[in-house]
Amino acid sequence: MTNSEGPDSPPAEPKYWVKSVARAADILEVLAAPAPGNGLSVTEVAQTCGISKSAAFGTLQTLRSYGLVSDDGEGMSRRYRLGMGLARLGDRARSQVSLRGVAHPVLRELTAATGMASRLAVPEDGHAVVVDQVELDQRVRLDLRMGQRELPHCTGLGKALLSAVPEAEAARVVERFGLPRRTPRTITDPATFLAHLKDIDRVGYALDDEEDAEGIICIGAPVRDDHGVCVGAISITGLKLGLPAWKYQELGGRVRDAARRVSGALGWVFEEGV
């Protein structure tokens, strides 16, 4: 069978594609584009979606009856906006998403890809608390206990979480808990550490290079929700022995990308350079 579609043809519709539902979804996306306070007319919606005014009007009225679209004005001045029913559904969607449930399959993939144990932690009182982990099936096992509180300044999880909050908040955590030395490689100077957090935020992952325990490395990256708020962090942990320095960047990229996948499942939209 030959393909008669040109290079600029739209992708084939899925087998169970329902055009009326797709049209409604397109209209909601269009209504999400204007700045706050600015609605769109039926004509503008129809032109943007590439449909007739009658189809646009009928779909808008149906969505309006469910509270998914709102309108104001009369006649030619009537404008349509997203309805507050979407906020209710958004709250329900967030309540149905479990951070641990979303992250666990990603942790399994991360461990399989890196050969290191992986963990998920959430912030609690300035520290990182481990709530899930995937260990390696091997003789050499690291002491990675569930519920363990990770220090904020010398662990991959702790530094990842701290790098995702405003600098003033990070400074308060440092002032409150200090920077106790765990190994000769632990950063103990506040100014140096705060500058270090900026570097972590820039590259998207944190490296604990024997800063918490000698012979152990840990690489962590923050996880964000649909509002861009850091709600957790994931990491990989393993023995440093025999691991070349050039490998850190590759592993860091894997952890960062995995964290972004979890964040995406929570509704966060990553923008390059942000």
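Right, let's walk through the structure included here.

Definitions and limits used
Residues numbered from 1 in each chain as written. Predicted model: local features only at pLDDT ≥ 70, side-chain atom pairs only at ≥ 80, totals over all residues. Heavy atoms only, no water. Helix = DSSP H or I, 4+ residues; strand = E, 2+ residues; numbered from the N terminus. Contact = heavy atoms within 4.5 Å. Areas by Shrake-Rupley, 256 points an atom, 1.4 Å probe, with all protein chains shown as cover. Buried < 20%, exposed > 50% of the residue type's maximum accessible area, 1.4 Å probe, protein only. Pairing = 2+ DSSP bridges. Phe/Tyr/Trp six-rings, centres within 6.5 Å; stacked < 30°, edge-to-face > 60°. Lys NZ or Arg CZ within 6 Å of the ring centre and 35° of its normal. Arc of directions from axis to C-beta. Core = buried A, V, L, I, M, F, W, Y, C linked by side-chain atoms within 4.5 Å. Axes fitted to C-alpha atoms, helices over the stretch in contact; angles between N-to-C directions. Parallel < 35°, antiparallel > 145°, perpendicular 65-115°, else oblique. Nonpolar A, V, L, I, M, F, W, Y, C, P; charged D, E, K, R; others polar.

Moving on, we get to the overall build of the chain. If you tally the helices and strands in the chain, you get nine helices and eight strands. Contacts in the chain between residues at least 24 apart in sequence constitute 56% of all its contacts with a sequence separation of at least 6. Summing over all exposed atoms, the chain offers an accessible surface of approximately 15800 Å²; the carbon and sulfur share of this is 53%.

Below, the discussion takes up the pairing of strand β7 (residues 216-224). Counting buried residues in β7 gives nine out of nine residues, a clear majority hidden from the surface. Relative to β7, strand β6 (residues 206-209) runs antiparallel, the two being bridged by four bridges. Considered in β7, the bridge of Asp208 is made with Cys218. Here β7 runs beside strand β8 (residues 230-239); their pairing, made up of nine bridges, is antiparallel. Within β8, the position partnered with Cys218 by the bridge is Thr237. Hairpin geometry of β7 and β8 is characterised by an intervening segment of five residues between the two adjacent antiparallel strands and by a positive phi of about 85° at Gly228.

On the basis of which strands lie adjacent, the open sheet formed by six strands has the order β5-β4-β3-β8-β7-β6 and antiparallel pairing. Each of the sheet's edge strands pairs with one partner strand only, and the pair in question is β5 (149-150) and β6. Of the strand pairs in this sheet, strand β3 (residues 117-124) and β8 are connected by five bridges, and their pairing is antiparallel. Opposite Ala117, over in β8, you have Thr237 as the bridge partner.

With that out of the way, let us pick up the packing of aromatic side chains. Scanning the model with the defined rule gives zero aromatic pairs in all. The residue whose ring lies beneath Arg224 is Trp268, and the NZ or CZ to ring-centre distance is 5.8 Å.

As a further point, take helix α2 (residues 42-49). Within α2, burial applies to Val42, Val45 and Ala46. Each buried residue of α2 sits inside an arc of 95° when the element is viewed along its axis, so together they form one side. What points out from α2, more than 90 degrees from its buried face, is the exposed set Gln47 and Thr48. Following α2 by one or two positions, Gly50 adopts a phi angle in the positive range, close to 70°.

Our focus in this paragraph is the nonpolar core. Burial of nonpolar side chains together is a common tendency in soluble globular proteins. Membership of the largest hydrophobic core comes to 22 residues, with the highest contact counts inside it found for Val223, Ile234, Ile236, Val255 and Val262. When contributions to this core are tallied by element, the ones reaching two or more residues are α5 (99-114), β7, β8 and α9 (247-265). Top contributing element to this core by residue count: α9, with six residues. The contacts of Ile236, once residues within four sequence positions are left out, are Leu110, Thr114, Met116, Ala117, Ser118, Ile217, Cys218, Ile219, Leu251 and Val255. Counting 20 residues, the second-largest nonpolar core is a separate cluster that includes Leu161, Ala164, Val173 and Phe193.

In this section: the packing of helix α6 (residues 156-163) against helix α8 (residues 190-203). Packing of α6 against α8 brings their axes to within 9 Å, and their N-to-C directions diverge by 85°. Our classification of the angle between α6 and α8 gives roughly perpendicular. Contact with α6, carried on its side by Lys159, Leu162 and Ser163, involves Phe193, His196, Leu197, Ile200 and Asp201 of α8 and no other residues of that element. In the contact of α6 with α8, the residues fall into four nonpolar, two polar and two charged.

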